[in-house]
Protein chains: 2
Amino acid sequence: MQSVAATRETNAGNGLTERQGVVLEEALRLLVDGGEKALTTAGVARAANCSKESLYKWFGDRDGLLSAMIGFQASKVRTLDVAASALDAESLSRHLVVFAKDLLEVLSGDVSLALNRLAIGQASREGSKLGHMLQERGRRQIGRRAAALLEAGRKAGLLAFDDADEAYGALYGLVVSDWHLKMLLGEEAGEMKKGFGRKAEQAVSAFLTLYGKTV
Amino acid sequence: MQSVAATRETNAGNGLTERQGVVLEEALRLLVDGGEKALTTAGVARAANCSKESLYKWFGDRDGLLSAMIGFQASKVRTLDVAASALDAESLSRHLVVFAKDLLEVLSGDVSLALNRLAIGQASREGSKLGHMLQERGRRQIGRRAAALLEAGRKAGLLAFDDADEAYGALYGLVVSDWHLKMLLGEEAGEMKKGFGRKAEQAVSAFLTLYGKTV
DNA sequence: TGCGAACCGTACCGTACGGTACTGAATTGG
DNA sequence: CCAATTCAGTACCGTACGGTACGGTTCGCA
């Protein structure tokens, strides 16, 4: 990085320089590969070719680094808004299946699993600050996408529910079941990914049986 | 263990002396209170009034202690077998609701959450040995209870499903949804426990809509 | 050309943890 | 009453980590 013009925050509204983004990327790679234990300040500095002093200047302390990693990763995942096109029963079903597959893909991603493990590990102490961040910045996003989809389905007379949260909870549970926990516990994700398509279709079919208006 | 007479394993078939059981109990308390970071060998020794040397003699190393803790806790949770009584639609529903509530109670328990957090934290490295233990000794138990219940329902002509695992997956998902993850991430469990009853009934109702034979 | 800011690389410090070794007390069996 | 075993308590060692300080270098800027 050189002249301040080029160093200026190029990374959305994060207040992060691109150099810092590169460092966070490297830190995420370390976390994914070796878990929290591998995420040492010296290790990050070595991997990213920066000095520990810079790390502390940019992120304050180790916890600040962790928070920045979660915020950084969340900022990269933009949930595309559903084009509120006219829905019929068939297109709603297709949209739901796509959503279900995306959900499974996101939850089984390397970085997602690593960050969830990190936040869960820190949940006992420290008031679960990271847990709230992950919940807010991650789940809320995909939850909004689902809520919009469900609401559109209801507006189109294709779905019937009183409580949108309850309906979303059912959809989430049918799609994810205990797969997420199994993956967090270390079950090989590679073997399970093949079943995502079938699982998504089954879950959506069941969800429509519960909440669909069409017979 | 020495003269084998006085020190004999009094704790089921675990090969554990009762003294060792007390130590593990204390270790679990430390883990629940302060997370993995609080579970130091010196801390356990101090809390349990034993020497570090004894800890290493009994459990080998720190990982052995962790494994022993999981095995010890699992050995205390005995899943009562369902009395294969004659089922009608109403009693099946009641049994399912009880199962759902028990499931939520177990998953939201202090020790369960702490051990799951511990195993998840260790999942990245070490081939997730603890994760498999937890999966095998914990989930398998309650899964068997559910499988027996579902099978009884099918035998009685009250449930219709081809794949028992799939049906159980749906039941689990409808009951638990994302509550488990939220609690693992540090969401206050106290506030949520009030909703367990309603949640269980809703989930069972939905499950019977999907897999019940009675109209 | 000289100044200052940012930064890399490394050395350093205090601490805390896992694991081992030793000592003295208690208990047991003969 | 004595010898043997176990164990608590403590001291100790090596290591690794979080955090800080410093020398040297690059680069923009005047």
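Residues numbered from 1 in each chain as written. Chains lettered and ligands numbered in written order. Predicted model: local features only at pLDDT ≥ 70, side-chain atom pairs only at ≥ 80, totals over all residues. Heavy atoms only, no water.

**Observations concerning the overall build of chain A**
Helices and strands together make up the secondary structure of chain A, namely 12 helices and 0 strands. Scanning chain A from its N terminus toward the C terminus, one meets helices and strands in the order α-α-α-α-α-α-α-α-α-α-α-α. Principal-axis analysis of the C-alpha atoms places the extent of chain A at approximately 65 × 40 × 30 Å. A total of 215 residues make up chain A; the buried ones form 48% of that total. Of the contacts formed within chain A by residues at least 6 apart in sequence, a portion of 71% connects residues at least 24 apart. Carbon together with sulfur atoms contributes 51% to the accessible area of chain A, which is approximately 10600 Å² in total. (Helix = DSSP H or I, 4+ residues; strand = E, 2+ residues; numbered from the N terminus. Buried < 20%, exposed > 50% of the residue type's maximum accessible area, 1.4 Å probe, protein only. Contact = heavy atoms within 4.5 Å. Areas by Shrake-Rupley, 256 points an atom, 1.4 Å probe, with all protein chains shown as cover.)

**Some words on the protein's contact with DNA strand C**
In the region of DNA strand C, 16 residues are neighbours, and A:Arg19, A:Ser54, B:Lys52, B:Glu53 and B:Arg62 sit closest. Atoms of DNA strand C within 4 Å of the protein belong to the sugar or the phosphate in 56% of instances, the rest to bases. At 2.5 Å, a side-chain N or O of B:Lys52 approaches a base oxygen of DNA strand C. Here B:Tyr56 contributes a side-chain N or O atom positioned 3.3 Å from a phosphate oxygen of DNA strand C. When contributions to the surface near DNA strand C are tallied by element, the ones reaching two or more residues are helix H4 (52-59) of chain A together with helix H3 (52-59) of chain B. (Near = heavy atom within 4 Å. Polar contact = N/O pair within 3.5 Å; in protein donor to acceptor, adjacent residues only side chain to side chain.)

**Some words on the protein's contact with DNA strand D**
The local shell around DNA strand D holds 18 residues, among which A:Lys52, A:Glu53, A:Arg62, B:Arg19 and B:Ser54 are the closest. Counting only the atoms of DNA strand D that lie within 4 Å of the protein, the sugar and phosphate share comes to 61%. In this structure, A:Glu53 approaches DNA strand D through a side-chain N or O atom, which is 2.4 Å from a base nitrogen. Within the side chain of B:Ser54, an N or O atom sits 2.8 Å from a phosphate oxygen of DNA strand D. Elements represented by at least two residues in the surface near DNA strand D include exactly H4 of chain A together with H3 of chain B. Looking at the surface near DNA strand D element by element, the count peaks at 4 residues for H3(B). Looking at side-chain class alone, the surface near DNA strand D contains 3 nonpolar, 8 polar and 7 charged residues. (Nonpolar A, V, L, I, M, F, W, Y, C, P; charged D, E, K, R; others polar.)

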